[in-house]
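# Results of the structural survey
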Amino acid sequence: MAGEPAALLANAREDRVFSAAAWSVGTADGVLDRGLLGTRAWEGPPVGEDSLWDLASVTKPIIGLAVMALADRGAIEIDARVTDYLPAWREKAGITVRQLLTHTSGLPGGTPLYREHPTREALLDAIRVGPLRTMPGTRVEYSSQGFIVLGLIAEAAGGAPLDRLVAGLVTGPAGMTATGFTPADTERAVATENCPWRGRVVRGQVHDENAVVLGGICGHAGLFGTLADLEKLGSVLTGGAAPLLKPRTHEAMTATQTEGLALRRGLAWQGLDVPGSPVGTDLGPRSYGHTGFTGTSLWVDPDAGRYFVLLTNRVHPVRTGTGIERVRREFHAAAVKLS
């Protein structure tokens, strides 16, 4: 390991922010700095190149890439209504695909639906009939429910299950050979929480409880990936997103779509809010990215031509720690200085 990112992440492990971390900083042409450190659990073997990280909400922009690829193919219209693809969802007829992608749909966020709706059918029904928090298009509120609905729309428009769509439209073309839902080899997975709901340390099953009820394949969480695969995605995005998207689609996806509202959102991506960005303010103003609850993130600075990948298991063994917020900002501050 070389460079300041390695040192600060090693210190964070000493502070027990996580048991393991992996990182990469690079361009469309290659890697500038990368490494792995720590163990898959506090009482586990070292992480390696084949270790699988629960990407958590970094799943969302990957689903967004699949949606935008379907738009490139004419299968999805971004300003179409939910009911154009899900006719039975009449209660959500006023919401557009664009609003789902920008978290302006009015669907609430942070709702533990799994507690009262323990089956896939019941949980989806709860989203379908549940009240909106705000009128669509009037406020940015981060909502996993919105991306659950996006996953259903992608399946309806694409004519295939979500895992096959992601493989065919995103991970396959990007060369992400190890990334997918519900990994078969759970021993390769990095541990997450000692979960009271499940009564065990979670390893190889998605950490998000709503995603568990949905079967582990859904629009808001569930993907597992290796460091090398996230590097490939970062490189593709830094290079303009070919072969995943047409140039104009990539430009629209990463541009701010929420001017006049409190938070900067692209289509499935978070913009750089100042103040308030989870990666600090050292990246360029056109930077975009996404974080995941388990301690993961992928960010791209198009002006600098760089991507930044940080993968950790900060929820192991408990989710209540806040150290990752500081560490993530420090990592990106150090990473932008790499030459």
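Calculation notes
Residues numbered from 1 in each chain as written. Predicted model: local features only at pLDDT ≥ 70, side-chain atom pairs only at ≥ 80, totals over all residues. Heavy atoms only, no water. Helix = DSSP H or I, 4+ residues; strand = E, 2+ residues; numbered from the N terminus. Phe/Tyr/Trp six-rings, centres within 6.5 Å; stacked < 30°, edge-to-face > 60°. Buried < 20%, exposed > 50% of the residue type's maximum accessible area, 1.4 Å probe, protein only. Lys NZ or Arg CZ within 6 Å of the ring centre and 35° of its normal. Polar contact = N/O pair within 3.5 Å; in protein donor to acceptor, adjacent residues only side chain to side chain. Contact = heavy atoms within 4.5 Å. Pairing = 2+ DSSP bridges.

### Some words on unusual backbone geometry
In this model, Val274 is joined to Pro275 through a cis peptide bond whose omega is -5 degrees. Looking at the element boundaries, Pro275 is found in the loop between β8 (270–271) and β9 (288–292). Of note, the amide linkage connecting His316 to Pro317 takes the cis form, showing an omega dihedral of 5 degrees. Looking at where Pro317 falls in the secondary structure, it is placed in the loop between β11 (306–312) and α10 (323–335).

### Digging into the packing of aromatic side chains
Following the criterion strictly, the structure yields 2 aromatic pairs and no others. With centroids separated by 5.1 Å and ring planes inclined at 75 degrees, the aromatic side chains of Trp269 and Tyr288 adopt a geometry described as edge-to-face. Residue Trp269 is found in the loop between α9 (247–254) and β8, and its partner Tyr288 is found in strand β9; the two are separated by 19 residues along the sequence. A single burial state applies to Trp269 and to Tyr288, both of which are buried. Just above the ring of Trp42 sits the side chain of Arg16; from NZ or CZ to the centre is 3.8 Å.

### Regarding the side chain of Thr294
Counting through the fold element by element, Thr294 comes out in the loop between β9 and β10 (296–301). Here the side chain of Thr294 touches Asp54 through a polar contact of 2.7 Å, landing on its backbone oxygen. The contacts of Thr294, once residues within four sequence positions are left out, are Asp54, Leu55, Ala56, Thr192, His207, Thr312, Asn313, Arg314 and Val315.

### Re the sheet that holds strand β1 (residues 20–26)
Pairing between sheet strands relies on hydrogen bonds along the backbone, with the strands arranged either parallel or antiparallel. Strand order across the open sheet formed by 6 strands is β2-β1-β11-β10-β9-β8, with antiparallel pairing between neighbours. Two strands bound the open sheet, and with one partner strand each, they are β2 (31–38) and β8. Taken together, the 5 bridges between β10 and β11 define a ladder with antiparallel strand orientation. Paired with Trp299 across the strands is Phe308, a residue of β11.

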